[in-house]
Amino acid sequence: MTIQGHVLAGTEVAIPALGVGTWAWGDRSTWGMGTYDTALTEGTIREAWDASIDAGATFFDTAEVYGEGESERIIGTLLAADPQRAARVQLATKFMPLPWKLGVQGALLDALKASLDRLGVASVDLYQLHGPISLRGHAALAEALAAAHQQGLVKAVGVSNYSAKETRSIHAQLQKRGLALATNQIEFSLLRRGPETGGLLATCAELGVVPLAYSPLGQGRLTGKYSVGNPPPGKRNFSAHPMEVVDAVVAELRRIGEANGGKAPSQVALNWIMAKGAVPIPGAKNRAQAEENAGALGWEIGADDLAALDRAALPGLRSLANRFWQHG
Ligand SMILES: NC(=O)c1ccc[n+]([C@@H]2O[C@H](COP(=O)([O-])OP(=O)(O)OC[C@H]3O[C@@H](n4cnc5c(N)ncnc54)[C@H](OP(=O)(O)O)[C@@H]3O)[C@@H](O)[C@H]2O)c1
């Protein structure tokens, strides 16, 4: 049995059960491109892109703010260089609705057009509000998304970091305008199970909203390469649990991976998310990471192992990064 992909509500866009996050592509401050991680180059990114698409992870997530537009620019270069692979890709980007952007419709359309320009495409498959930080109400935000949709610039619309209550509210405002809410991108992983236990995933399922799971590897912590003696470099503010706590979760991932024919901890961690009905979008900096992550596709964890992982999972942290967004 393999876990199926999803169709974005209101569209015919099919996305696979596993995507790829591209925050690290072009980013200097968190992910060290050109700074602490000198191995991360446009060459290694191209290999990650090719390997992901070839393995069926064809859904890519970016944002206007990643590397101040560099992530979108790099993706634009990759799309233009290889039209055959480009034709298989589903593309998602995001608008940052900063509180002072009070003329939200104009700001969103301007930002979207700049994103399309960097990506070198006429439209994106999914356009998301990056977080619930706008001072404007959900009616104005829905109106802005509807304008982008009417102009043919986006196929589907989504949000990110929205609580269950906020998800219901924007869903209703979009519905009034004949639009479906396709996705809610949230931090969800074995280091942050809160969205499942707190009911957000159930709300998404009820509304036909696909949850996209960001930082699904706890920003690299669940891959097994970091430990108490070798903590992750850089800022990595999401799921910044003490490594002693992370090590216990990774030990369980290793045990279950070995019992499932030698799966890597990352593959088990991503498969657990897929089993919960969410689409993980792990970041990949090179071919090896992309291939390993794509190895989460094509198999399923058994019920006993799922239950063991549920017991090992952590509810999540109220970190600075989390407090910036309103999770629920
Ligand atoms: N909407 C939001 O507010 C929001 C917030 C955060 C992220 N996101 C999205 O979610 C995506 C993923 O989240 P994330 O990048 O924060 O965290 P993540 O996917 O949990 O971790 C990604 C990092 O882990 C390491 N890694 C990945 N696969 C690996 C493997 N197989 N083996 C060893 N190391 C591996 C790499 O960094 P190293 O090699 O340097 O360890 C990689 O950059 C982002 O790219 C972005 O698209 C969205």
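For the structure, check the block above.
The structure reproduced in this document is the subject of the present report.

So, how was this worked out
- Residues numbered from 1 in each chain as written.
- Predicted model: local features only at pLDDT ≥ 70, side-chain atom pairs only at ≥ 80, totals over all residues.
- Heavy atoms only, no water.
- Axes fitted to C-alpha atoms, helices over the stretch in contact; angles between N-to-C directions.
- Helix = DSSP H or I, 4+ residues; strand = E, 2+ residues; numbered from the N terminus.
- Parallel < 35°, antiparallel > 145°, perpendicular 65-115°, else oblique.
- Left-handed = near helix turned anticlockwise from the far one by under 90°.
- Contact = heavy atoms within 4.5 Å.
- Nonpolar A, V, L, I, M, F, W, Y, C, P; charged D, E, K, R; others polar.
- Pairing = 2+ DSSP bridges.
- Buried < 20%, exposed > 50% of the residue type's maximum accessible area, 1.4 Å probe, protein only.
- 1 Å grid on protein atoms, 1.4 Å probe; cavity = no way out; pocket = protein on both sides within 12 Å on 5 of 7 lines; lining within 4 Å.
- Points joined across faces, edges and corners; volume = space filled by probe spheres on them.
- Right-handed = clockwise from strand over helix to strand, strands pointing away.

**Comments concerning the packing of helix α1 (residues 42-54) against helix α11 (residues 287-294)**
1) Next: Contact geometry of α1 with α11 gives a least axis separation of 7 Å together with a crossing angle of 25°. The pairing of α1 with α11 is recorded here as roughly parallel in orientation. Seen from above, α1 lies across α11 with right-handed handedness. On α11, the residues touching T44, E47, A48, A51 and S52 of α1 are R287, A290 and E291.
2) Next: Considered class by class, the residues forming the contact of α1 with α11 number 3 nonpolar, 2 polar and 3 charged.

**Some remarks on the sheet that holds strand β5 (residues 90-95)**
1) Next: Ordered by their spatial adjacency, 8 strands build an open sheet running β3-β4-β5-β6-β7-β8-β9-β10, and the pairing between neighbours is parallel. Of all strands in the sheet, those with a lone pairing partner are β3 (19-21) and β10 (279-280), marking the two edges.
2) Next: Pairing analysis gives 2 bridges linking strand β9 (residues 210-214) to β10, with the strands arranged parallel. Bridge pairing in β10 links A213 to P280.

**A look at the environment of G178**
1) Next: Relative to the elements of secondary structure, G178 occurs in the loop between α6 (164-176) and β8 (181-187).
2) Next: Classification of G178 as exposed rests on a relative accessible area of 71%.

**What to know about empty space enclosed by the protein**
1) Next: Scanning the model with the defined rule gives 1 cavity of 30 Å³ or more in all.
2) Next: Taken as a whole, the largest cavity encloses approximately 30 Å³ of empty space.
3) Next: Of all the secondary structure elements, the ones that give two or more residues to the lining of the largest cavity are β3 and α11.
4) Next: When residues of the lining of the largest cavity are assigned to their parent elements, the largest contribution, 3 residues, is made by α11.
5) Next: Looking at side-chain class alone, the lining of the largest cavity contains 7 nonpolar, 3 polar and no charged residues.

**A short note on the pairing of β5**
1) Next: Burial runs high along β5: 6 of the 6 residues are buried.
2) Next: The side-chain alternation of β5 yields two buried faces, one formed by Q90, A92 and K94 and the other by L91, T93 and F95.
3) Next: In the sheet, strand β4 (residues 59-61) pairs with β5 via 3 bridges, with the strands oriented parallel. Residue F59 lies in a different strand from β5, and its bridge partner there is Q90.
4) Next: Here 4 bridges tie β5 to strand β6 (residues 124-129), and the two strands are oriented parallel to one another. Considered in β6, the bridge of A92 is made with L126.
5) Next: Handedness of the β-α-β unit built from β5, helix α4 (residues 104-119) and β6 comes out right-handed.

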